[in-house]
Amino acid sequence: GAVVSQHPSRVICKSGTSVKIECRSLDFQATTMFWYRQFPKQSLMLMATSNEGSKATYEQGVEKDKFLINHASLTLSTLTVTSAHPEDSSFYICSARGTREGSYEQYFGPGTRLTVT
Amino acid sequence: QQQVKQSPQSLIVQKGGISIINCAYENTAFDYFPWYQQFPGKGPALLIAIRPDVSEKKEGRFTISFNKSAKQFSLHIMDSQPGDSATYFCAASRKTGANNLFFGTGTRLTVIP
């Protein structure tokens, strides 16, 4: 149980284009989903928190107009990197937390490797 | 500001040995302390977690020790195996607010056959 998928697993795009990454909770409903960014040999950096049906909350320093997050259902959240640039190249990971009251556990997706050329 | 401090940055252990990774936190509101294991190119996987009402939790070869007064917790991997070679992250979160996980900086464990 508690499986989270991401699609695509890796993507290469040209500078200036937009890329959408999907995050799905496969066997549970996720009230809250989180988006992280991870650079090589570094820890996870929280980008934003999204609750189903409401606007995402972005961490300080994360441009909300550049990283568009949509959490339209209890099983799907999307991250769109708009007008991507080489410095946006990174490993993007989502996580999901279930709807059970008092639930703390976050289950992570396998990550998406974005390379902007 | 690093909310959770983790050490060591890297660790090399012989097969069969004990791997110990330590974490410390400042925010006394934290009440959930998970450990994650991450292999290269993969997302983190929840390994084991503890709440502050217990001082130790064991699952198989993995044990969390928790010292509430010292605001420290550690992961012990008994009988370490080459397959345990990965990066380990400790984390902490709290009941109130957004319940965000605050991650440590990670420990790269290498188990030598």
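Residues numbered from 1 in each chain as written. Chains lettered and ligands numbered in written order. Predicted model: local features only at pLDDT ≥ 70, side-chain atom pairs only at ≥ 80, totals over all residues. Heavy atoms only, no water.

1. Brief notes about the overall build of chain B
For step 1, the next point in the chain: A tally of helices and strands in chain B yields 0 helices and 11 strands.
For step 2, the next point in the chain: Helices and strands in chain B line up, N terminus first, as β-β-β-β-β-β-β-β-β-β-β.
For step 3, the next point in the chain: A compact globule built from 113 residues should have a C-alpha radius of gyration of about 13 Å, and chain B, at 14 Å, falls within 12% of that.
For step 4, the next point in the chain: Once the C-alpha set of chain B is aligned to its principal axes, its extents read approximately 45 × 30 × 20 Å.
For step 5, the next point in the chain: Element-wise, carbon and sulfur atoms account for 50% of the exposed surface of chain B, whose accessible area totals about 5600 Å².
For step 6, the next point in the chain: Counting 12 positive and 7 negative side-chain charges, chain B places the centres of these two groups 5 Å from one another. (Helix = DSSP H or I, 4+ residues; strand = E, 2+ residues; numbered from the N terminus. Rg over C-alpha atoms; globule rule 2.2 N^0.38 Å. Areas by Shrake-Rupley, 256 points an atom, 1.4 Å probe, with all protein chains shown as cover. Lys, Arg positive; Asp, Glu negative; His and termini not counted. Charge placed at Lys NZ, Arg CZ, Asp CG, Glu CD.)

2. What about the packing of aromatic side chains?
For step 1, the next point in the chain: Counted under the stated rule, the structure contains 17 aromatic pairs over all chains.
For step 2, the next point in the chain: Arranged with centres 5.1 Å apart and planes meeting at 80°, the rings of Phe108 of chain A and Tyr36 of chain B form a pair that is edge-to-face. Remark: Tyr36 of chain B occurs in strand β4 (residues 30-38) and Phe108 of chain A occurs in strand β10 (residues 106-108); the pair is interchain, linking two chains.
For step 3, the next point in the chain: Judged by its relative accessible area of 10%, Phe108 of chain A falls in the buried class.
For step 4, the next point in the chain: Ring-pair connections join several aromatic residues into one group, and the members of that group are Tyr25, Phe30, Phe33, Trp35, Phe66, Phe73 and Phe102 of chain B. (Phe/Tyr/Trp six-rings, centres within 6.5 Å; stacked < 30°, edge-to-face > 60°. Buried < 20%, exposed > 50% of the residue type's maximum accessible area, 1.4 Å probe, protein only.)

3. Observations regarding the interface of chain B and chain A
For step 1, the next point in the chain: On the chain A side, the residues contacting the 21 residues of chain B number 21 residues.
For step 2, the next point in the chain: A combined buried area of about 1600 Å² lies between chain B and chain A, and 55% of that area is made up of carbon and sulfur atoms.
For step 3, the next point in the chain: Looking only at chain B, the three residues that lose the most surface to chain A are Pro44, Asn100 and Phe103 of chain B, adding up to 25% of its buried area.
For step 4, the next point in the chain: The tally of links between chain B and chain A comes to 0 salt bridges.
For step 5, the next point in the chain: The interface formed by chain B and chain A contains 5 residue pairs in polar contact (both at pLDDT 80 or more).
For step 6, the next point in the chain: Those elements giving two or more residues to the side of chain B that touches chain A turn out to be β4 and β9 (86-94) of chain B.
For step 7, the next point in the chain: At 4 residues, the largest contribution of residues to the side of chain B that touches chain A is made by β4 of chain B.
For step 8, the next point in the chain: Split by residue class, the side of chain B that touches chain A holds 8 nonpolar, 8 polar and 5 charged. (Contact = heavy atoms within 4.5 Å. Buried area = accessible area lost by both parts, 1.4 Å probe. Salt bridge = Lys/Arg side-chain N within 4 Å of Asp/Glu carboxyl O. Polar contact = N/O pair within 3.5 Å; in protein donor to acceptor, adjacent residues only side chain to side chain. Nonpolar A, V, L, I, M, F, W, Y, C, P; charged D, E, K, R; others polar.)

4. Brief notes about the environment of Gly111 of chain A
Residue and element names in this part refer to chain A.
For step 1, the next point in the chain: Mapped onto the secondary structure, Gly111 falls in the loop between β10 and β11 (112-116).
For step 2, the next point in the chain: Judged by relative accessible area, Gly111 falls into the buried class, the value being 3%.
For step 3, the next point in the chain: Placed 101 residues apart in sequence, Gly111 and Arg10 show a C-alpha to C-alpha distance of 8.3 Å.
For step 4, the next point in the chain: Residue contacts for Gly111: discarding those within four places in its chain leaves Gln6, Pro8, Ser9, Phe91, Tyr92 and Ile93.

5. A short note on unusual backbone geometry
For step 1, the next point in the chain: Across the junction of His7 of chain A and Pro8 of chain A, the peptide omega takes the value 0°, indicating a cis bond.
For step 2, the next point in the chain: Mapped onto the secondary structure, Pro8 of chain A falls in the loop between β1 (4-7) and β2 (10-13).
For step 3, the next point in the chain: The omega torsion across Ser7 of chain B and Pro8 of chain B is -5°, close enough to zero to call that bond cis.
For step 4, the next point in the chain: The phi dihedral of Ser83 of chain A falls on the positive side, at around 45°, and the residue is not glycine.

6. Some thoughts on the sheet that holds strand β3 (residues 19-25) of chain A
Residue and element names in this part refer to chain A.
For step 1, the next point in the chain: The strand order β1-β3-β8-β7 describes an open sheet built from 4 strands, whose pairing is antiparallel. Single-partner strands in this sheet number two, and they are β1 and β7 (67-73). Direction aside, the axes of adjacent strands within the sheet are offset by 15° on average.
For step 2, the next point in the chain: Direction of pairing for β3 relative to strand β8 (residues 76-81): antiparallel, over a ladder of 6 bridges. Bridge pairing in β8 places Arg24 opposite Leu76. (Pairing = 2+ DSSP bridges. Axes fitted to C-alpha atoms, helices over the stretch in contact; angles between N-to-C directions.)

7. Here's the deal with the pattern of salt bridges
For step 1, the next point in the chain: Under the definition given, this model contains 5 salt bridges over all chains.
For step 2, the next point in the chain: Notably, a salt bridge pairs Glu22 of chain A with Arg24 of chain A, separated by 3.4 Å at the nearest N-O pair.
For step 3, the next point in the chain: For Glu22 of chain A, a relative accessible area of 25% translates into the label partly exposed.
For step 4, the next point in the chain: For Arg24 of chain A, a relative accessible area of 34% puts it in the partly exposed group.
For step 5, the next point in the chain: For Lys71 of chain B, the salt bridge is made with Glu26 of chain B, and the minimal N-O distance between the two is 3.5 Å.

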